[in-house]
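Chain residues, written in single-letter form:
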Amino acid sequence: MNDPIPWLVVLPMAWASLAFVAGPGHGGRLALAGVTAQLILAVILARAVDVDGVHTHHIGGWPPPLGIELAADGLSAVMLLLTQTVALPLIVYARAYFAQAPAGLRYFWPLTGFLLAGMNALFLSADIFNLYVTLELISLGAVGLIAAKGGVDAVAAALRYLLIALLGSGAYLLGVALLYATYGSVSLAILAPLITQDAPQAVALAAGLMVTGLIFKTGLFPAHFWLPPAHAGAPSPVSALLSALVIKGSFYLIVRLWLYLFLPVTASAAAQFLGAFGAAAIVWGSLMALRQVRLKMLIAYSTVAQIGYLFLLFPLVTHNIADAAHSAYRGIALQVLAHGMAKAAMFCAGGAMILSSGRDNITQLAGISGRLPLTLFTFALAGVSLIGLPPSAGFLAKWLLIDAAITSGQWGWVVVMIIGSLLTAAYVFKVLNQTFKEPEQTVAFRPLPRMLEWPPFLLACGSIALGLRGTDVLNLLGMP
Amino acid sequence: MNWNAIAPLLVLGSSLLTGLIIFGLPERQHGLRSALNMTGAVAKLVVIGFILSGITQNESYQFRYAVLPQLEIVLHADALAMLFVTLSASLWLLTTVYAIGYLEGSPHRSRFFGFFSLCVTATVGVAMAGNLFTFFVFYEVLTLSTYPLIVHRGTTLSLRAGNIYLAYTLTGSAIFLSGVVWLYGLMGQVEFVPGGSVSALLTTYPGELRFIFFLLIAGAGVKAALVPLHGWLPRAMVAPAPVSALLHAVAVVKAGAFGIVRTVYEVYGVSVAQALGLLTPLAIAACVTIIWGSLRALWQDDLKRLLAYSTVSQVSYIILGVALFGPIGTIGGLAHLAHQGIMKITLFFCAGNYAETLGVHKIKEMNGIGRRMPLTTIAFSIGAFGMISLPLTAGYVSKAYLLQGAVAAGAPWAGWVLTTSSILNAAYFLPILVRAWFMRSAGSWPKEKTVNRRWHETSALLLFPPLISAIAVLLFGIFTDVTWSPLFWAKLIAERQYVNVANVLP
């Protein structure tokens, strides 16, 4: 009872099931209570991990290889904290949002619950087959959430996402099968030393399959095409959930596999290759964001670009200079956290603006600064973190990444990151610029309840404040 | 935490808190907002007064906070910092009074004064930054908080000016950032210490050091409006007059020039910069800027644009003083940091008064304006005389030191550049004064406002700030060696910069 690990998975499943039975009218309250408890559990777990290292839990008391093992190290604890921290304000926001715009509410609470259960299980799983199960759980939850709004666009986006997700999981599962056939185990802890000892060709193939599958699910350029319509088309709380958290799940898994399992078989060429796709994503995503006329599409393309930064981890961390690898690892962790909070805040703020003005067109935001100053401020703060301007977590992340690139002498990535920052500034200010204009005719802005404005504001403040408290998180994270 | 650590935070907090509260105020609370603004500005000056008196008793005011292991936010109120902080805070008080008068009756004042306060918070942060990282943090906050002020009017023209401002400054900061991170990679920490701290790398990484210097100067040079990085400044003139005053005298260009001062003196150290052969190129860049700015000013027909080009030219006096190796040039440059601010803010206040009261924007509309607005025009004339560096003005004092510094540094050509610039300044300021005082007015003004006639020419809130700053221009020009004058501080700082390099001096 006093071990938080199983409860982090059981609790969201429980409230999701209850919400399904109770119906959409009561789901919000259940979710609020559940996620609050999850956040407390995540904090307890983080403290425990901080004090005495990796925590493991054997389900039903059966140790592996017979039973299922759940484990939490620094990286898991940080990701769990991020998930619950972002989810809680999102739940509050979603309650207010669906009260105003009920489309897509019907299965929102149960699907969100299952999605969060899947995320938490993903971060806690210690074997590659369980990880596959959690991936599927997340994908199905996400597909449901995208489709729930109804209409041709939503269903098309959901089906496209489903196809990609299945393809990705299929490739991943094939890799799992290869590894199991080679070593006779699926446990990360057992596989790691075996791969270091002796890695036949099949292992490299498995690594390739698993990483490729996960790249599709993460939405790295050029496999990003499913992402903007899916993220932009969904109701704003869902967009925030998908952009801030769901893609981080599959990215986490890539990092976990790459750093803890496949380091002996990954060639530096492969790392550079991933970095190059990351760079392309940064440039392409930002340019596309700059071209958008719809606010939510702009934010969605911004996610495509920000995913690119995450993949710069691989060329920077695979380098043989320990200092650079260390900086890169910590920088990416901060980038994941900063983007998680800032993007959730940005989608929510964007959603609030659209809800209030009734339009999703950037050029029609004039006059919003007088009506929704707090929401506009939220958008700007989130933008500051995305651009990587101080004082924000996004800035510390970029500082560490540029430091890693310079220390390891990889100047190309420095240039990419700087260009990326400037392009980000260009599309963020493209939006902000409009808000200073005086509206040409009197536009009717709908007044919004506070709960649509404050939760995103707190998220944005979080991504700024983390820029001043980065040390705590990095201490918890430990070394790769 | 003791008082010595809290004091720098209070200097920041007095305007930060004011700004945050003002953001939350409803638009119609004009009285409360003005009261808050004034309280913040006065409170800041009070804290600064305490710090100044402490510094003369060799107290050290420092605040440290680690955001990452080995990466600290350091606020250090040393003598150089306090020169800039005192300048900014006093001019901020004047500008606040002026802005309250100027913006009377216009919309979005909560937003304006909120960002106005953030802007000065960032400026004192830039001034008190104790290491390169902290400097960059506040330098960026400054960029972000000035942008809403530049686009404040929301017209197409001001939005474009805002975009150009961001394009220049954000590119500049990206360049600056890469230099900062690189230097941190080489050194671990880059604290600002008199005499600099990179000398240990001098033999192992001379090429890298030169390149990093170039990155840092280019990054700071955008805000300091070094030619050819100055393009944003004349365009930003579409902003309201108090914002121009802020950009030119209190905050932005000063922050850029200050960044160059810190880089040369306290990151590299003036002797190391000299040994690396970096000072002469910097001096040449400053000279080109001085001449180019003055030449461009000659051709302007819009008063504010003329003043903007004059700023381009004058700010490089500071940079030239920094680049001239030797304490006399240093004193001239640092004194000019303060003097230029006071003179330029006077001119901008006056230009704002002409525009706000009479609708006069163009120089050719200024005929006979001296009779209509005598006090404003007297202040304007004093500011202009200072720019030409006539005796008895503050401008003369710093120019005299710069000229001597040029000779002492063995760069007489720099002296010629300064003289030429003075002649050019006279060539564009004197015709304006002749128009204002001696030519007959056309009879009616473009857009005259009826104002309270008690002060004859314009409202008191608009009239007193330029008068006060004009008097300061005269005082600093006449009582040069009084304790607490900018020149006094400049000498104090220059002494410390050259203490470690006494043996290098001729």
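Data block above holds the structure.
Here the residue index of a chain counts from 1 through its sequence in written order. Following the order in which they are written, the chains are lettered starting with A and the ligands numbered starting with 1. Local features are withheld for residues below a pLDDT of 70 in this predicted model, meaning they are given only at 70 or higher, and side-chain atom pairs are given and counted only at 80 or more; totals for whole chains, interfaces and linings count all residues. Side-chain metrics rest on all non-hydrogen atoms present in the structure, leaving aside hydrogens and water.

Asks: Teacher, can you tell me more about the overall build of chain A here?
Replies: Counting its regular elements, chain A contains 20 helices and two strands. Here the globule rule reads 2.2 Å times residues to the power 0.38, and the radius of gyration is calculated from C-alpha atoms. Relative to a compact globule of 480 residues, whose C-alpha radius of gyration would be 23 Å, chain A shows 21 Å and is just as compact. Over its C-alpha atoms, taken along the principal directions, chain A stretches across nearly 70 × 55 × 45 Å. Relative accessibility under 20% of the residue-type maximum defines a buried residue, over 50% an exposed one, and the middle range a partly exposed one, all with a 1.4 Å probe and only protein chains included. Sorting the 480 residues of chain A into buried and exposed places 63% on the buried side. Sequence separation of 24 or more characterises 80% of the internal contacts of chain A that already satisfy a separation of 6 or more. Under the convention used here, a 1.4 Å probe and the Shrake-Rupley method define accessible areas, while residue burial counts only the protein chains that appear. Per element, the accessible surface of chain A, about 16,700 Å² overall, is 68% carbon and sulfur. The sign given to each residue is positive for Lys and Arg and negative for Asp and Glu; His and the chain ends receive no count. Charge positions come from single atoms, namely NZ of Lys, CZ of Arg, CG of Asp or CD of Glu. The distance from the centre of the 22 positive side-chain charges to the centre of the 16 negative ones in chain A is 15 Å. Counting from the N terminus, the helices are DSSP H or I runs at least four residues long and the strands are E runs at least two residues long. Here, residues are in contact when the closest pair of their heavy atoms is within 4.5 Å.

Asks: Would you mind showing me how to read the packing of aromatic side chains here?
Replies: Geometry of an aromatic ring pair is reported as the spacing of the ring centres plus the angle between the planes. By convention, a stacked pair of Phe, Tyr or Trp rings (six-membered ring in the case of Trp) has centres within 6.5 Å and planes under 30 degrees apart, an edge-to-face pair has planes over 60 apart, and any other such pair is tilted. Enumeration over the complete set of coordinates arrives at 47 aromatic pairs over all chains. Both rings, one in F395 of chain A and one in F133 of chain B, keep their centres 5.8 Å apart while their planes meet at 20°; by these two values the pair is stacked. Placement of the pair is F395 of chain A in helix α17 (residues 393–407) and F133 of chain B in helix α5 (residues 132–150), with the two residues belonging to separate chains. Exposure class is identical for F395 of chain A and F133 of chain B. Each is buried. An angle of 75° between the planes, with centres 5.0 Å apart, marks the rings of F213 of chain B and Y268 of chain B as edge-to-face. In this pair, F213 of chain B sits in helix α7 (residues 206–223) while Y268 of chain B sits in helix α10 (residues 252–268), placing the two residues 55 residues apart along the sequence. In this pair, the class of F213 of chain B matches that of Y268 of chain B, namely buried. An aromatic cluster of three or more residues is present, and its members are F395 and W399 of chain A together with F133, F135, F136, Y139, F176, Y184 and F192 of chain B. Directly above the ring of Y309 of chain A sits K398 of chain A, whose terminal nitrogen or CZ lies 4.3 Å from the centroid. Two conditions define a charge sitting above a ring: the NZ of Lys or the CZ of Arg must be within 6 Å of the ring centre, and it must be within 35 degrees of the ring normal. The ring of Y139 of chain B has K223 of chain B lying over it, and the distance from NZ or CZ to the ring centre is 3.6 Å.

Asks: Is there a simple way to explain helix α10 (residues 236–260) of chain A in this structure?
Replies: Since there are 3.6 residues in each turn of an α-helix, residues three or four apart along the chain are aligned in direction. Residues and elements named next belong to chain A. Expected helix span is computed as 1.5 Å times (number of residues minus one). The end-to-end C-alpha distance of α10 is 35 Å, a good match for the 36 Å that 25 residues give at a rise of 1.5 Å each. Along α10, the helix axis deviates most sharply at L242, where the bend reaches about 35°. With 24 of 25 residues buried, α10 lies mostly within the body of the structure. Here the bend at a residue is taken as the angle between two axes, fitted respectively to the seven residues that end there and the seven that start there.

Asks: I keep staring at the interface of chain B and chain A and nothing clicks. Help me out?
Replies: Where interface size is given, it is often the accessible area lost as the parts come together that is meant. Every contact between the two is made by 31 residues of chain B and, on the other side, 29 residues of chain A. Put simply, buried area is the surface a 1.4 Å probe can reach on two separate parts but cannot reach once they are joined, added for both. The largest contributions to the chain B side of the interface with chain A come from L68, L144 and V181 of chain B, which together make up 19% of the buried area. Any carboxyl oxygen of Asp or Glu within 4 Å of a side-chain nitrogen of Lys or Arg constitutes a salt bridge here. Taken together, the connections running from chain B to chain A amount to zero salt bridges. By the criterion applied in these results, polar contacts are pairs of N or O atoms within 3.5 Å in which, for protein atoms, one can donate a hydrogen and the other can accept it, and in which residues neighboring in sequence qualify only through two side-chain atoms. Here chain B is connected to chain A by five residue pairs in polar contact (both at pLDDT 80 or more). Sorting the residues of the side of chain B that touches chain A by element identifies β1 (62–68), α5 and α6 (156–187) of chain B as the ones contributing at least two each. Split into classes, the residues belonging to the side of chain B that touches chain A amount to 23 nonpolar, six polar and two charged. Gly is put with the polar residues, along with every residue not named as nonpolar or charged; the nonpolar set is Ala, Val, Leu, Ile, Met, Phe, Trp, Tyr, Cys and Pro, and the charged set is Asp, Glu, Lys and Arg.

Coordinates in, geometry out; function isn't part of it.
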